[in-house]
Amino acid sequence: MHLIFYSRTGWESWGLGRQPLIPEGMPVLIDEDLAFEDDGVPRPTVAANRWLRDLPLNGARSHSTWKNYAQALRSWLEFLARICVDPLGERQPLRDALSAFSEYRFAGPLEARWDEGTWDQNINTVARFYAWADDEGLCASVPFTYQMVRRYTEAGVQLARRNTATVRRAKPHVTVKYLESDFLELFLRALAGLRPDGEPDSFRGRHLGRNAAMGALVSSSGLRAQEFTHLLTYELPALPARSSAVPARFPLSAQITKGKKPRETWVSYAPPGRYAPVRRAGPRDAD
């Protein structure tokens, strides 16, 4: 199955009365034979592409989200095509196919295996497609089963619906990954052009102070890659006048955070230039 991305460039030469109402960069799924119907009956890819075009209306406005959803749905449709199961058919054949798909992704060929997080993300995407198809009357039944679970939030206990096809994973605080303090110190010194002993290295690169300061900021605050890539200087928090062991609040705007949701983190107080390379006195200094 082919996955392409729509571009409206040159639509005037397509012989249409108006510009197609398809968002620029929208993913499009196409079967290998480039056909969308059989004897006048639309194929499942037609429904899949309709769902993809509805994503901006259902809270998914990011091009990367569109791509991830399309890739997840393509993996499912390709698997069903190999085992000859209708994606919009009866519930029991689809549930049997879902069980086989789970075995394929967890115990199949090494190149086809997914970890728990990838499985949950992709299978929840497929579930969203079926929920939409069921609302539109395009499928006979939904192959997923849901159960109500309790979730503990700041607002108290809340009931939520859980897809039983997803995999239970350890809590975030159990799986958190971090650099050991000695390796982190070595990493930050390398960014500043220093050897492990703190002395200047013969190869020092450029913008050493900036690199080391950014590395210290990221390691201290836990910024995501997207957040520190688009962070502006005036968004940095003002540090207290005196050094303190208490970290400073670090608010992040919705323009750079994941899902456009503002969040707040913390950053340790560290004097600027902590990892800046030491400047040695030269002949001009003696003059």
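What counts, and where the lines are drawn
- Residues numbered from 1 in each chain as written.
- Predicted model: local features only at pLDDT ≥ 70, side-chain atom pairs only at ≥ 80, totals over all residues.
- Heavy atoms only, no water.
- Helix = DSSP H or I, 4+ residues; strand = E, 2+ residues; numbered from the N terminus.
- Rg over C-alpha atoms; globule rule 2.2 N^0.38 Å.
- Buried < 20%, exposed > 50% of the residue type's maximum accessible area, 1.4 Å probe, protein only.
- Contact = heavy atoms within 4.5 Å.
- Pairing = 2+ DSSP bridges.
- Phe/Tyr/Trp six-rings, centres within 6.5 Å; stacked < 30°, edge-to-face > 60°.
- Lys NZ or Arg CZ within 6 Å of the ring centre and 35° of its normal.
- Salt bridge = Lys/Arg side-chain N within 4 Å of Asp/Glu carboxyl O.
- Patch = residues over 30% accessible without salt bridge, like charges linked within 9 Å, V, L, I, M, F, W, Y side chains within 5 Å.
- Areas by Shrake-Rupley, 256 points an atom, 1.4 Å probe, with all protein chains shown as cover.
- Polar contact = N/O pair within 3.5 Å; in protein donor to acceptor, adjacent residues only side chain to side chain.

Chemist: Explain the overall build of the chain residue by residue, including any values.
Modeler: Of the regular secondary structure elements, the chain holds nine helices and eight strands. What you see for the chain is a C-alpha radius of gyration of 26 Å, clearly larger than the 19 Å of a compact globule of 287 residues, by over 25%. Based on the C-alpha atoms only, the size of the chain along its principal axes is roughly 90 × 55 × 40 Å. Within the span of the chain, comprising 287 residues, buried residues form 31% of the whole. A sequence separation of at least 24 residues applies to 48% of the contacts in the chain between residues at least 6 apart.

Chemist: Tell me about the pairing of strand β6 (residues 156-163), and please be specific about residues and values.
Modeler: Pairing of strand β5 (residues 146-153) with β6 involves eight bridges; the strand directions are antiparallel. Bridge pairing links Arg-150 to Leu-159 in β6. Once β5 ends, the chain turns through two residues before running back antiparallel as β6.

Chemist: Break down unusual backbone geometry for me, with residues and values.
Modeler: Look at Leu-34: it is not a glycine, yet its phi comes out positive at around 65°. Mapped onto the elements of the fold, Leu-34 is located in the loop between β2 (27-30) and β3 (37-38). Look at Leu-34 and you get exposed, because its relative accessible area is 59%. With a phi angle near 60°, Cys-84 is a residue other than glycine that sits in the positive phi range. You can see Cys-84 is positioned in the loop between α2 (63-82) and α3 (91-107). Residue Cys-84 is classed as exposed on the basis of its relative accessible area of 71%.

Chemist: Tell me about helix α1 (residues 44-54), residues and numbers included.
Modeler: Regarding α1, the residues found buried are Thr-45, Ala-47, Ala-48, Asn-49, Trp-51 and Leu-52. In this fold, the buried residues of α1 make contact with β2, α2 and α4 (116-135).

Chemist: With reference to specific residues and values, describe the packing of aromatic side chains.
Modeler: Aromatic ring pairs: the centre-centre distance and the angle between the two ring planes describe each pair. Throughout the structure, instances matching the rule amount to 13 aromatic pairs. Residues Tyr-6 and Trp-14 carry aromatic rings whose centres are separated by 6.3 Å and whose planes lie at 70° to one another, so their mutual orientation is edge-to-face. Here Trp-14 falls in the partly exposed class, since its relative accessible area comes to 39%. Taken together through their ring pairs, the aromatic side chains of Trp-76, Phe-79, Phe-101, Tyr-104, Phe-106, Trp-114 and Trp-119 make up a single cluster. For the cation-ring pair, Arg-161 lies above Tyr-146, with the distance from its terminal atom to the ring centre recorded as 3.8 Å.

Chemist: Talk me through the pattern of salt bridges; I want residue IDs and the actual numbers.
Modeler: According to the stated counting rule, one finds 10 salt bridges in the structure shown. Across the pair Arg-43 and Asp-31 runs a salt bridge, and its minimum N-O distance is 3.2 Å. One end of the pair, Arg-43, is in the loop between β4 (41-42) and α1; the other, Asp-31, is in the loop between β2 and β3, and 12 residues separate them in sequence. Grouping residues by exposure puts Arg-43 and Asp-31 together as buried. Between Arg-263 and Glu-227 there is a salt bridge; the shortest N-O distance is 2.8 Å. Here Arg-263 is found in strand β8 (residues 263-267), whereas its partner Glu-227 is found in helix α8 (residues 225-229), with 36 residues between them in sequence. Judged by its relative accessible area of 26%, Arg-263 falls in the partly exposed class. Exposure remark for Glu-227: the relative accessible area of 0% places this residue in the buried category. Through salt bridges with shared partners, a single network forms among Asp-31, Asp-33, Asp-38 and Arg-43.

Chemist: So what's going on with a nonpolar patch on the surface? Residues and values would help.
Modeler: There is a patch of nonpolar side chains on the surface, built from Leu-179, Phe-183, Leu-186 and Phe-187 and spanning about 370 Å² of accessible area. Its place among the elements puts Leu-186 in helix α6 (residues 181-191).

Chemist: Break down the side chain of Thr-166 for me, with residues and values.
Modeler: By secondary structure assignment, the location of Thr-166 is in the loop between β6 and α5 (172-175). Looking at Thr-166, its side chain comes within polar contact range of the main-chain oxygen of Asn-163, at 2.6 Å. Not counting the four nearest positions on each side in its chain, Thr-166 is found in contact with Trp-119, Asp-120, Ile-123 and Asn-124.

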